[in-house]
Structure formats: C-alpha cells, structure tokens
Amino acid sequence: MPGILPILGANARQAVDSLARARLRTALGLVGIMIGISSVIAMVSLGEIAKEQARRQFEALGTDVLLVRTVAASAAPQGISLADAIGLVEAVPAVAEAAPRILGHGEFRHAGRKVGQGRVQGVTAAFASINRMSLQAGRFVSLLDADRHFCVVGATVADAMRQGGSGRIVGETLEIGDILFTVVGVLDPRPESYALPVQVEADESVFVPIGAAGRIADNPAIELAVARSSAGVDYRAAVADIRSWFRRRAPDLQLDIITAKELIAQMEAQMQTFALLLGSVGSISLVVGGIGIMNIMLVSVAERRREIAIRRALGARRRDIQSQFLIESVILTLAGGLLGILLGLAATWAICRFTGWEFLISGMSVASGLGTAAAAGLFFGFQPARQAARLDPIAGLQAE
Amino acid sequence: MTAPRGALRLIDVRKSYRVGPVTTEVLRGVDLEIGAGDLVSIMGPSGSGKTTLMNIVGLLDRPSTGRHVLDGRDVSGLGDDALSRLRNAHVGFVFQAFHLLPRLTAAENVCVPLVYRGTGRREALGRARAILERVGMGERVAHRPDQLSGGQKQRVAIARALVGMPALLLADEPTGALDTDTADETMGLLLELNAEQGVTVLIITHDPVVARRCTRRMRIEGGQLHEEDPRPPGSAGSTAPRRA
Ligand SMILES: Nc1ncnc2c1ncn2[C@@H]1O[C@H](COP(=O)(O)OP(=O)(O)O)[C@@H](O)[C@H]1O
Ligand SMILES: [Mg+2]
C-alpha cells in the first residue's frame, strides 16, 4: 500500500511530541508498565538461568547420584556402619558405587607452619570417582589403606604447603590436629557443585582413609553415603532396594535418600513457585500500568478532540486517527518496557548474587519483555484509539 | 482527471437534528448548482444553517435526505473512508477560528493533507514551502501558530487548504476573526487564488463587503437557499468561467 510509511512516520513524530508534553501522567503510566515488564524479564531470565545452572551441575555430577543420609534424630546414634555401606554395592545390584564418609574438622600443619584449616574427610576410593575428583599427583586413599595414616590434600592446602618451600608434596608429613599423616596424593582444583546438598569443599580439605578418620572426627559415625545407581536402573527402584537393604541390616536406622532426579524436580518446583510469584506480580502491575496507560490515552483523546476533528476535515480516515493513537500508546509502553528490561535485569542479577547462580542475559527474556510491552500498548490503547477514530469531526470543530 | 473540476450540485438536500423529542429541520430542501471556478458567497443570519450546509458540501457531514453530486458523480451513498479520501483530494477548508494544529510549524501544518494521501515528508515540505511563499508566508515556515498574527494564521490555513490542489475551497467566515484591513487582504488573496488556479470558492460570510466581491451571491433563510440578484456588471471579481 503506497504512502503508508509517511503516515506512520508522521504519526510516530506526533506521538513522541504529545507524550513529552504530558510528563507527569506519562511518568505514572510508565512506572506501572516498567514494574510489569521487569517482572516478566526477571521471571523469564531466572527460569532460563536456573535451567542452565541445573544442566551444568548435573552434567558435571551425573543424574544417577543418590545421597543416603541418616536422619539427625535417628534412634541409632551409631549411624551407618562401614560394613553396611560397603556391602551395599555387593548386595544391591541397583547400586554401582557407594562412598561412605566420616566427617571431621582440623587444623593442618606442615614443617611447623599452619597450612590450612578445614574438613578432614574419611572416605574410600569411590568418593573420588563419584564426585569426579581428579589427582594432580600421587594416588587417592582407599579401603586397602585400612587405618594407616595416609592423606590426600586439596589444591589450596597443597598450595600453602608449596609456599613453605616443599617442591614435592607427595611423601611429606602433614600434621592434622596432633596426629601425623603422610601425603600420598594431591588433588586438582575442583569447583564446588551446588547440584547436591552435599558440600565436598575438596580444595580446602584433607582426605584420609575412612578407617583412620575415627581418630580425628568428634563423631566417628558415617553420616553420609553418596551412591551411584547402576546404568539403566530406575532411580525409584534403586531407592527401594537401598531402603530394604538397610531395613534388614539396621532396622533402627532412619534414612533420608535424596536422588538427583528428585533434586531436579525440587529445583523445578522451586523455580515454578518463583515464576508464579513473579508472573502474578508482573501481570498485576501490567494490568495496573495498562489501565494507567488507557487512562492517559483517554484523557489525551478528550483533550485533542479538536485536533482529531481538524485532521479528519483534512482527509484523515478513521484508521489514520486510530493508528496515530495506537502508535502513541505503543511508544509509551515500549518506553516503559525498555526501563522495565533494565530494572528486570538488575533484579535478576541481584537474585543471582544472592543464590550463587551464574547471571546471564537471555535474549529470550528481552524479546518477551519487548513483546509484552508492545502487546500491552496495543491492548490498552485499542479502546482509546477506537474512541478517537469514532469522534464526530463536526462536534470536534466546534469544541473550544 | 478530466477538466473542469469543482462543479457541484445539491438536489433537495434536507438536514434535521433531533435533540431529545424535538426534531429541528435546519435545511429544508436546498438546491444548489455551482460551476467549476465559481466564486460564491453565502450570507444568512446566525443559526440559519450556513455551517451545516458547508459541512455537507465539504463531505464532512451527510444530508438527511437529498442528493449530492460532485463533478457529475453522486457521492450521497459513499462510506466514511471514501468520503475521507474525497475530502482529502477534492476539498480545502478554511475556518473562522483558523484551526491550525498548535504544536506544528506553519510548514508542518500545511503538510498534513499531503501526509494523509501518502506523500513523502520531504516532498510534502517542499510543496508546503512553495505554497506558503505564494500566500506571502515564505518567511514564517518554521513559526508555530502562537507566533503568528490572526491574518498570518489565516494565510497559513489558506495555504493548507490549497496545498493538495483541491477543486473546491470552502471558507466558513474566513475573515470573521480579523480586523478590517486584514480581512480585506485575506479576501483579496482568496479572489486571486480563485482567478489564478481556477479553484471553485465558496465563502460563508456576514460581511456584505466580502459578499459584494464574489461573482455569485446567495442567502440562506428559513432553511432554504436563494440566489440574490446578479451583481452589477463591471465590478471587480473573477475572470473564471461561470455557469448561470
Ligand atoms: N449537532 C447538532 N445538534 C443539534 N442541533 C444542531 C447541531 N448542529 C447544528 N445544530 C443547529 O442547527 C442550526 C444551524 O447551525 P449552523 O449551521 O451552525 O448555523 P450557522 O453556521 O448559520 O450559524 C442551529 O440552530 C444549530 O443549533
Ligand atoms: Mg456557522
């Protein structure tokens, strides 16, 4: 259709001009739209970020991980026995690997110098493989070490030992509390994963054979076993098998079994709650802002009856007037939308700081924010624009 | 378009308004025939229906009954969009209150009719400047209405009415808000444009001096239109062809 562009161009210039003139009203309408759009942005962004977060973590850890914990108020204070934890793999085919842990805490000294302070984790070889830990030098501890005083140091601890001038760390002696251990391995640095509610904190820790940990930990009970289900096994079957194994071995034990799949589901549910909250805040403020915009436009139409009539007399069709006012309301909501995008991204960034998730700007969220803003402009601007188009030009020309 | 343009006929046009239970018939069977290039004045007491008649002639309003023929084409049954297009192409309005758009410059005001027919901004501005030059407002293209005197505003309004080369110029008391000298000049401009461009001009006025300068004079009274005696020969006026 020839000539539609000049009309739209003229309309857009006209719209910007008239909006700039009604500053206070414009500002009020903008705030509503801004909050609405920022909620949309935060909602979509956080959804994307959480999904990405979960994807990365479970990619690193695998979705076949199970966490077996004793319930704190359990009637069996002795916890899981080492034999039961080790026997799990043999007895329950659904479990491929199991890594029990005894957790202690201590100060580390080397050559008379303090080289760190952190977790002393009594583990088996399976702990390293399940948690995807790799060695820089030497070897990991294993069941074969029994209760011998061997240890594997985390990357940070190793760095501190190097500061003291020891070139080769394997073979050195490390004091944990006041007990001497021989270093048999050094770990690669390992970023912490938040996918499971078990913190490894490998870099700041020292790992010792599980049989030797009893001397260091205040509570020598096994508090946790990380297990990996066998390939092709449904995690629910694995959970049921683990429960029945422990029910036979230690009937008093109350266990809490968490699976990666459940965690993903939990995370998704949490995200959905988030999204629902943001979505309702967003839609309420969009509606409030939209009604504000509608009001601005209705006032604008009423104030400009004469202008509309003059334009009609000069040959504007109803649709020309309608598009003039629609463009005006869309410009208004898009301006609010742009501010809303900035606010929404800032809010998303703050939430990411708070939750420890990695912030990223998703193109999807920006696009949906702009789309929503434009749609709100069209929707809430429709009635005023229609009203403007239907004004009687003769009455408008007589209006003063 | 085939020459001549700007001829129009109203045949038994009636217009009535209903306010509450009362129906008032403002136009009671108006017959009017105007030839291309005519220069016509219409006088009549206040409230006699002059503006109503002009709105109908200018396609802003529709008669309650009767026919409206523009250059041989019956436009009585046209829809709103078609009337808007025709108004844009065929009619130029000049109002007593000027009716310029306050936020636009003189040149931008003159551009508006062109914008609605899809002329590009640059071309429209060029044509607006040219016609503002013609009406003696070449120095004021960038002024806004509140920076112009009444006479200057009316010149801009006349430029806006003519920029689209309409066949018909309708002026509703164009000098009613101007002092005598300015009114005189404005009237002179309308006469010149009628002679120069052959545009049919219809002027509603209260001023017998204005009426006397037109080639045909009509009076509306009691809802009917009558042509007054042909003007005395030899007086100043249009050189455009006339139809009796
Ligand atoms: N929209 C309307 N509703 C009711 N009456 C109207 C309307 N428009 C005009 N009239 C009446 O029609 C008559 C003629 O009005 P108008 O054409 O403006 O007269 P003039 O221009 O000759 O002064 C007046 O009595 C006026 O009150
Ligand atoms: Mg009038």
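Engineer: Is there a simple way to think about helix H7 (residues 235-249) of chain A in this case?
Structural biologist: Residue and element names in this part refer to chain A. Relative to the 21 Å expected for 15 residues at 1.5 Å per residue, H7 spans 21 Å between its end C-alpha atoms, a close match to the ideal helical length. Restricting attention to buried positions, one finds in H7 the residues Ala238, Val239, Ile242, Trp245 and Phe246. Burial along H7 is one-sided: seen end-on, the buried residues are contained in an arc of 130 degrees. Among the exposed residues of H7, those pointing more than 90 degrees away from its buried face are Arg236, Arg247 and Arg248.

Engineer: How should I be thinking about the sheet that holds strand S6 (residues 91-95) of chain B in this particular structure?
Structural biologist: Backbone hydrogen bonds are what pair the strands of a sheet, in a parallel or an antiparallel way. Residue and element names in this part refer to chain B. Here we have six strands laid out as an open sheet, ordered S6-S7-S8-S3-S9-S10, and mixed in their pairing. What marks the edges here is a single partner per strand, and that holds for S6 and strand S10 (224-227). Between one strand and the next, the sheet's axes are offset by a mean angle of 20 degrees, whatever the strand orientation. The sheet strands contacting helix H1 (residues 50-57) are strand S3 (39-43), S6, strand S7 (168-172), strand S8 (200-204), strand S9 (216-221) and S10, and the helix crosses S7 at an angle near 160 degrees.

Engineer: Which parts of the structure should I look at to understand the environment of B:Ile42?
Structural biologist: Residues and elements named next belong to chain B. One can find Ile42 in strand S3. Of the residues examined, Ile42 reaches a relative accessible area of 1% and is grouped as buried. Setting aside residues up to four positions removed in sequence, Ile42 forms contacts with Lys50, Leu53, Leu202, Ile203, Ile204, Thr205, Met218, Ile220 and Leu225.

Engineer: I keep staring at the site of ligand 1 and nothing clicks. Help me out?
Structural biologist: Residue and element names in this part refer to chain B. Taken together, the residues surrounding ligand 1 are Tyr17, Val19, Val26, Pro45, Ser46, Gly47, Ser48, Gly49, Lys50, Thr51 and Thr52. Within the backbone of Ser48, a nitrogen or oxygen atom sits 3.3 Å from an oxygen atom of ligand 1. Side-chain polar atom of Thr52 to an oxygen atom of ligand 1: 2.5 Å apart, as the coordinates give it. Look at ligand 1: alone it shows 560 Å² of surface, and the protein chains cover 63% of it. Put simply, the parts of the chain that give the shell around ligand 1 at least two residues each are strand S1 (8-19) and H1. Per element, the largest residue contribution to the shell around ligand 1 is three residues, and it comes from H1. A breakdown of the residues in the shell around ligand 1 according to their chemical character gives four nonpolar, six polar and one charged.

Engineer: Just checking my understanding: could you explain the pattern of salt bridges for this structure?
Structural biologist: If charged atoms from side chains of opposite charge come close, those side chains can pair. Summed over all chains, the structure comprises 28 salt bridges over all chains. One connected set of salt bridges, linked through shared partners, spans A:Arg304, A:Glu307, A:Arg311 and A:Glu328.

Engineer: Any chance you could explain the interface of chain A and chain B here in plain terms?
Structural biologist: Many analyses report the size of an interface as the accessible area lost when the parts associate. Each partner contributes residues to the interface: chain A has 28 residues there, and chain B has 25 residues. Around 2,500 Å² of area is buried between chain A and chain B when both sides are counted, 57% of it from carbon and sulfur atoms. Contact with chain B buries surface across chain A, with A:Leu314, A:Arg317 and A:Ile394 losing the most and accounting together for 24% of the total. Note that A:Arg318 and B:Asp80 form a salt bridge whose closest N and O atoms lie 3.7 Å from each other. It is helix H1 (residues 4-21) of chain A that provides the largest number of residues to the side of chain A that touches chain B, a total of eight residues.

Definitions and cut-offs
Residues numbered from 1 in each chain as written. Chains lettered and ligands numbered in written order. Predicted model: local features only at pLDDT ≥ 70, side-chain atom pairs only at ≥ 80, totals over all residues. Heavy atoms only, no water. Helix = DSSP H or I, 4+ residues; strand = E, 2+ residues; numbered from the N terminus. Expected span 1.5 Å × (residues − 1). Buried < 20%, exposed > 50% of the residue type's maximum accessible area, 1.4 Å probe, protein only. Arc of directions from axis to C-beta. Pairing = 2+ DSSP bridges. Axes fitted to C-alpha atoms, helices over the stretch in contact; angles between N-to-C directions. Contact = heavy atoms within 4.5 Å. Near = heavy atom within 4 Å. Polar contact = N/O pair within 3.5 Å; in protein donor to acceptor, adjacent residues only side chain to side chain. Areas by Shrake-Rupley, 256 points an atom, 1.4 Å probe, with all protein chains shown as cover. Nonpolar A, V, L, I, M, F, W, Y, C, P; charged D, E, K, R; others polar. Salt bridge = Lys/Arg side-chain N within 4 Å of Asp/Glu carboxyl O. Buried area = accessible area lost by both parts, 1.4 Å probe.

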